[in-house]
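Tertiary structure, described
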Amino acid sequence: QVRLVESGGGLVQVGGSLRLSCVASGLTSNVYQYAMGWFRQAPGKEREFVGGSRSETMTYYADAVKGRFAISRDNAKNTVYLQMNSLQPEDTAVYYCALDKYGSGRMSSPDYWGQGTQVTVSS
């Protein structure tokens, strides 16, 4: 069965950087053939879309993180990354990896979810 495992969360200072990883297992094909992306959820708030990608030309980001966050992949490791730069206190949340088997990268209907990794930005 498909499993997504996030890692790389932690405590960082305002303006700092952090890279999250999401390792996919149990897939019938390589991870690059699927749309994968990231969501986040802060206490008392709804889960929100952060970014998603199906290919280099089909990659999308939420306005709140556009220009600061970037998604990349290591196909050999079945891993998707979320590079986060210029972190702000409002970026503090649990970050979730998601996979959409047929999506474009906007992650409208994810099929699988990871358990999340905590990111805390200290002011």
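Attention in this report is confined to the structure presented alongside it. (Residues numbered from 1 in each chain as written. Predicted model: local features only at pLDDT ≥ 70, side-chain atom pairs only at ≥ 80, totals over all residues. Heavy atoms only, no water.)

This paragraph deals with the pairing of strand S5 (residues 48-55). A regular strand places its side chains so that they alternate between the two faces of the sheet. Bridge analysis of strand S4 (residues 35-41) against S5 gives 5 bridges, and the strand direction is antiparallel. Directly across from Phe-39, in S5, lies its bridge partner Phe-49. As consecutive antiparallel partners, S4 and S5 are separated by 6 residues, and within that stretch Gly-44 has a phi angle of approximately 80°, a positive value. For S5 and strand S6 (residues 58-61), the ladder comprises 4 bridges, and the chain directions are antiparallel. Its bridge partner lying in S6, Gly-51 is registered against Tyr-61. The loop that links S5 with its antiparallel partner S6 comprises 2 residues. (Pairing = 2+ DSSP bridges. Helix = DSSP H or I, 4+ residues; strand = E, 2+ residues; numbered from the N terminus.)

The next subject is the state of the cysteines. For the structure on display, the rule yields 1 disulfide. Bridging Cys-22 to Cys-97, the disulfide has an S-S length of 2.0 Å. Between Cys-22 and Cys-97 the disulfide shows an S-S torsion of about -80°. By sign, it is left-handed. Separated by 75 residues along the polypeptide, Cys-22 in strand S3 (residues 18-25) and Cys-97 in strand S9 (residues 93-100) bring together distant segments of the chain. In terms of burial, Cys-22 and Cys-97 fall into one category: buried. (Disulfide = S-S within 2.5 Å. Buried < 20%, exposed > 50% of the residue type's maximum accessible area, 1.4 Å probe, protein only.)

Counting residues in each nonpolar core, the largest one holds 28 residues, and the members touching the most others are Met-36, Trp-38, Leu-82, Met-84 and Tyr-95. Those elements that provide at least two residues to this core are S3, S4, strand S7 (69-74), strand S8 (79-84), S9 and strand S11 (117-122). (Core = buried A, V, L, I, M, F, W, Y, C linked by side-chain atoms within 4.5 Å.)

Moving on: the packing of aromatic side chains. Applying the stated criterion across every chain, the model contains 2 aromatic pairs. With a centroid separation of 5.7 Å and 75° between ring planes, the pair formed by Phe-39 and Phe-49 is classed as edge-to-face. Placement of the pair is Phe-39 in strand S4 and Phe-49 in strand S5, with a sequence separation of 10 residues. We classify Phe-39 as buried; its relative accessible area is 8%. In this structure, Arg-19 packs its charged tip against the face of Tyr-81, placed 4.1 Å from the ring centre. Above the plane of the ring of Trp-113 lies Arg-47, whose end atom (NZ or CZ) is 4.7 Å from the centre. (Phe/Tyr/Trp six-rings, centres within 6.5 Å; stacked < 30°, edge-to-face > 60°. Lys NZ or Arg CZ within 6 Å of the ring centre and 35° of its normal.)

On to the side chain of Thr-117. Within the element layout of this structure, Thr-117 appears in strand S11. The exposure class assigned to Thr-117 is buried, which follows from its relative accessible area of 11%. Reaching out from Thr-117, the side chain makes a polar contact with the backbone nitrogen of Gly-9 at a distance of 3.2 Å. (Polar contact = N/O pair within 3.5 Å; in protein donor to acceptor, adjacent residues only side chain to side chain.)

What follows concerns the environment of Lys-45. Tracing the chain through its elements places Lys-45 in the loop between S4 and S5. When the C-alpha atoms of Lys-45 and Ala-93 are compared, they prove to be 9.5 Å apart, with 48 residues separating the residues in sequence.

Following the sequence through the fold, Arg-40 ends up in strand S4. There is a polar contact of 2.8 Å between the side chain of Arg-40 and the side chain of Asp-91. The residues contacting Arg-40, other than those within four sequence positions of it, are Glu-46, Arg-47, Glu-48, Val-50, Ala-64, Val-65, Phe-69, Glu-90, Asp-91, Ala-93, Val-94 and Tyr-95. (Contact = heavy atoms within 4.5 Å.)

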